[in-house]
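# Survey of secondary and tertiary structure
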Amino acid sequence: MQVSLGIKTTKAGPLVYYLALQENNLQSTVNAGENRGELLRHDYVARQWLGPFKVGADEKINQSHEIQLQSGWSQRDLNVVAFVQNSATGKILQALALGFCED
């Protein structure tokens, strides 16, 4: 899976960005304890975390990143999350989530 970003940021200090691949609709069964036998459902599970990557001096992101998909992941339930952060203050300046697109 290839992720391409084309984001224009505003002057805000030393900027970095991160990417995360997340999956929804996961399930697990509790095998012990008071909830034994219960089925738990999980959304927004981070499958991969990439970054930080530096934002260019021109304050633009125009990069591509390869994300290797694992065989057990459900492509229809995958999303890519990206956010830009001021690395000096920790402030998040922009965030977005995109559904998985098949080529």
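Residues numbered from 1 in each chain as written. Predicted model: local features only at pLDDT ≥ 70, side-chain atom pairs only at ≥ 80, totals over all residues. Heavy atoms only, no water.

Quick look at the overall build of the chain now. Within the chain one finds zero helices and eight strands. Helices (α) and strands (β) of the chain occur, in sequence order from the N terminus, as β-β-β-β-β-β-β-β. For the chain, the proportion of contacts with a sequence separation of at least 24, taken over those separated by at least 6, is 64%. (Helix = DSSP H or I, 4+ residues; strand = E, 2+ residues; numbered from the N terminus. Contact = heavy atoms within 4.5 Å.)

Right, let's talk about the environment of Ala-57 for a bit. When you line up the elements, Ala-57 lands in the loop between β5 (45-54) and β6 (60-66). Exposure remark for Ala-57: the relative accessible area of 87% places this residue in the exposed category. Linking Ala-57 and Pro-14, residues 43 residues apart in sequence, is a C-alpha distance of 9.2 Å. (Buried < 20%, exposed > 50% of the residue type's maximum accessible area, 1.4 Å probe, protein only.)

Bringing the pattern of salt bridges into the picture now. Side chains that carry opposite charge are capable of pairing whenever their charged atoms lie near each other. Applying the stated criterion across every chain, the model contains one salt bridge. The partner of Arg-47 in a salt bridge is Glu-23, and the shortest N-O contact between them spans 2.9 Å. In this pair, Arg-47 sits in strand β5 while Glu-23 sits in strand β2 (residues 15-23), placing the two residues 24 residues apart along the sequence. (Salt bridge = Lys/Arg side-chain N within 4 Å of Asp/Glu carboxyl O.)

The next point concerns the sheet that holds β5. Judged by pairing direction, the sheet is antiparallel, and its four strands sit side by side in the order β5-β2-β7-β8 without closing on themselves. This sheet does not close on itself; its edge strands, each paired only once, are β5 and β8 (92-99). Ignoring which end each strand starts from, the neighbouring axes of this sheet average 15° apart. With seven bridges connecting them, β2 and β5 associate as antiparallel partners. For Leu-21, the partnering residue across the bridge sits in β5 and is Gln-48. (Pairing = 2+ DSSP bridges. Axes fitted to C-alpha atoms, helices over the stretch in contact; angles between N-to-C directions.)

A complete count under the given rule lists four aromatic pairs for this structure. Note on Trp-49 and Phe-83: the rings are 5.9 Å apart at their centroids and 50° apart in plane angle, and the pair reads as tilted. With Trp-49 in strand β5 and Phe-83 in strand β7 (residues 78-86), this residue pair connects regions lying 34 residues apart in the sequence. Classification of Phe-83 by relative accessible area gives buried; the value is 17%. Three or more aromatic residues joined by ring pairs form one cluster here, namely Tyr-18, Trp-49 and Phe-83. (Phe/Tyr/Trp six-rings, centres within 6.5 Å; stacked < 30°, edge-to-face > 60°.)

Looking now at the side chain of Glu-23. On the basis of relative accessibility, which here comes to 2%, the residue Glu-23 falls in the buried class. Side chain to side chain, Glu-23 and Arg-47 meet in a polar contact 2.9 Å long. Contact partners of Glu-23, with chain neighbours within four places excluded, come to Asp-43, Tyr-44, Val-45, Arg-47, Trp-73, Ser-74, Asp-77 and Leu-78. (Polar contact = N/O pair within 3.5 Å; in protein donor to acceptor, adjacent residues only side chain to side chain.)

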